[in-house]
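# Topology and contacts: notes
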Amino acid sequence: MNAPLQHDFLTLQEIWKAAQRNLPPGPWSYLMGGAETETTVLRNRQALDEIAFRPRVLRDVSRIDSSAPFMGSKSRLPVMLAPIGGLESIVEGGAATAARAAAQFGVPQMLSSVCQPGLEQTAAAADALRVFQLYVRGDDAFVDDYVRRARANGFRAFCLTVDVAMYSRRERDLLGRFVKPWRARAIEGVAYQSGLSWTQVKRFKDKYPDYPLIIKGIATAEDAELCVQHGVEVVYVSNHGGRQLDHGLGSIAVLPEVISAVNQKAEVWVDGGFMRGTDIVKAIALGATTVGLGRLTGLALAAGGVPGLVRALEILEDEVRICLGLLGVTCYAELTPKHLTRASAVRPPGTFSAFPLPDPE
Ligand SMILES: Cc1cc2nc3c(=O)[nH]c(=O)nc-3n(C[C@H](O)[C@H](O)[C@H](O)COP(=O)(O)O)c2cc1C
């Protein structure tokens, strides 16, 4: 499906350009689009661009550790491939291809329940650090079946995505008349998703007290507190990459209130607009432990399959290490909110405002 990797990418900008060349218009809009006016999509970038660094100097940064803990293991970076449904329309092999890249580079993958080739085959494809994400499309027995299969296949934790009580209007897909091949399968049982409440979270933790639960799609301190009260292990701050509720805040703008509400009683993960090493360092400085990569994962896979994604992660690692060193820290434990300050963004947010340079003549 994708053109072979013809050159070694030197920048992430080259990777998204290659992805755009490789993808047909339908899958491209599906990957990059958001809900309605895409205000939330843009705010994700804007909120990241409104944070500036306060670097410290003369601190011996000759040795830097950019790895991070993840679910009792180690990840090469504090990032995770965020769950992406329908990855099979972006890259041949879908989630199995993503798993191979995750394993080869050494970062975790969160597998979406609406992604081919499914739970068992994705787990068998590579020995990646993995967690599983479910859209609840059935009753308690439906959830229990997924929990059993996820545990049996080495998924370290279980995630419920909770910002999809309604399926949003993705206007790029509508305007392009793009009918997602998996849509019929994906909408089966959506009423269960709309019917979810904290009762199901309580039931999960009562039944599986030792299986870490991640709640993905938290966007307020109030809901973060409820997560903690229910014994949730990971509060995952996300607005679904601006693909669900339009006119929300940028994810990183919400992070401080959630970190403070959680008060170290759970881990806090975040995603939404993260495209650069500096973006990742900002989230970790605020207190997040893992950053999810959504569209960047899709772009890199579309650009070059496994080697494309591995290369994107290598470039990201380079950016993270440079940023840490120039901030005067040698590991994430030395980063604090004092390394950050508010500033105005220097350009309007856009889908690719993280990659603003013109093409060379
Ligand atoms: C094409 C696409 C499909 C997605 N599918 C899922 C999904 O199946 N489950 C889920 O929890 N989130 C899904 N998401 C949301 C991502 O997990 C993540 O929250 C979001 O993409 C982060 O923002 P970013 O794309 O700006 O990095 C999807 C995102 C994209 C771009």
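Reading guide: rules and limits
Residues numbered from 1 in each chain as written. Predicted model: local features only at pLDDT ≥ 70, side-chain atom pairs only at ≥ 80, totals over all residues. Heavy atoms only, no water. Helix = DSSP H or I, 4+ residues; strand = E, 2+ residues; numbered from the N terminus. Contact = heavy atoms within 4.5 Å. Axes fitted to C-alpha atoms, helices over the stretch in contact; angles between N-to-C directions. Parallel < 35°, antiparallel > 145°, perpendicular 65-115°, else oblique. Left-handed = near helix turned anticlockwise from the far one by under 90°. Near = heavy atom within 4 Å. Polar contact = N/O pair within 3.5 Å; in protein donor to acceptor, adjacent residues only side chain to side chain. Areas by Shrake-Rupley, 256 points an atom, 1.4 Å probe, with all protein chains shown as cover. 1 Å grid on protein atoms, 1.4 Å probe; cavity = no way out; pocket = protein on both sides within 12 Å on 5 of 7 lines; lining within 4 Å. Points joined across faces, edges and corners; volume = space filled by probe spheres on them. Nonpolar A, V, L, I, M, F, W, Y, C, P; charged D, E, K, R; others polar. Buried < 20%, exposed > 50% of the residue type's maximum accessible area, 1.4 Å probe, protein only. Pairing = 2+ DSSP bridges. Right-handed = clockwise from strand over helix to strand, strands pointing away. Disulfide = S-S within 2.5 Å. Phe/Tyr/Trp six-rings, centres within 6.5 Å; stacked < 30°, edge-to-face > 60°. Arc of directions from axis to C-beta.

## Describing the environment of T351
Along the chain, T351 turns up in the segment after β12 (340-342). Separated by 296 residues in the primary sequence, T351 and P55 place their C-alpha atoms 28 Å from one another. If we skip the residues at most four places from it in the chain, T351 touches M32, L42 and R172.

## Considering the packing of helix α12 (residues 251-262) against helix α13 (residues 277-286)
Two numbers describe how α12 lies on α13: the axes approach to 10 Å, and their chain directions differ by 20°. One element, α12, and the other, α13, form an angle in the roughly parallel class. Where α12 crosses over α13, the two elements pack in a sense that is right-handed. Along its contact with α12, which presents I252, L255, P256 and I259, the element α13 presents K282, A283 and L286.

## A closer look at the site of the ligand
Surveying the vicinity of the ligand reveals 21 residues, the closest of which are P83, S112, T161, D271 and G273. Here S238 contributes a side-chain N or O atom positioned 3.3 Å from an oxygen atom of the ligand. One of the side-chain nitrogen or oxygen atoms of H240 is found 3.3 Å away from a nitrogen atom of the ligand. Protein contacts shield 98% of the accessible area of the ligand, which totals 590 Å² for the unbound molecule.

## Topic: empty space enclosed by the protein
The tally for this structure, following the rule as stated, stands at two cavities of 30 Å³ or more. Computed from the structure, the largest cavity encloses a volume of approximately 70 Å³. Lining the largest cavity are 13 residues, with A82, I84, L87, Q109 and M110 positioned closest to its centre. Secondary structure elements with two or more residues in the lining of the largest cavity: α4 (94-105) and β5 (109-112). Among the elements that make up the lining of the largest cavity, the one with the highest residue count is β5 (four residues). Residues that form the lining of the largest cavity fall into these classes: 10 nonpolar, three polar and no charged. Estimated volume of the second largest cavity: approximately 30 Å³.

## As for the pairing of β5
Here β5 shows a buried face lined by Q109 and L111 and a second buried face lined by M110 and S112. Bridging between β5 and strand β6 (residues 130-134) involves four bridges; their strand directions are parallel. Bridge pairing in β6 links M110 to V131. The β-α-β motif built from β5, the intervening helix α5 (residues 119-125) and the parallel element β6 has right-handed crossover chirality.

## Thoughts on the state of the cysteines
Each disulfide consists of a covalent bond between the sulfur atoms of two cysteine residues. Per the counting criterion, the structure on display carries zero disulfides. Of all cysteine sulfurs, the one in C159 lies closest to C115, which takes part in no disulfide; the gap is 14 Å. Given the relative accessible area of 2%, C115 is considered buried. C331 forms no disulfide, and the closest cysteine sulfur to it belongs to C323, at a distance of 14 Å.

## Observations regarding the packing of aromatic side chains
Enumeration over the complete set of coordinates arrives at 11 aromatic pairs. Ring geometry for F132 and F158: centres 5.8 Å apart, planes at 40°, overall tilted. Separated by 26 residues along the polypeptide, F132 in strand β6 and F158 in strand β7 (residues 158-161) bring together distant segments of the chain. Each member of the pair, F132 together with F158, is buried. Both rings, one in F204 and one in Y208, keep their centres 5.1 Å apart while their planes meet at 55°; by these two values the pair is tilted. By relative accessible area, which is 2% here, F204 ends up buried. Ring-pair connections join several aromatic residues into one group, and the members of that group are F132, F142, Y146, F155, F158, F204, Y208 and Y211.

## Examining helix α11 (residues 221-229)
By the burial criterion, the buried members of α11 are A221, A224 and C227. Projected onto a plane normal to the axis of α11, the buried residues spread over an arc of 110° and lie on a single side. Residues of α11 that are exposed and point more than 90 degrees away from the buried face comprise E222 and Q229. Residues of α11 that are buried in the fold lie against α10 (198-207), β8 (213-218), β9 (234-237) and α12. Downstream of α11 by one or two residues, G231 has phi in the positive range, about 75°.

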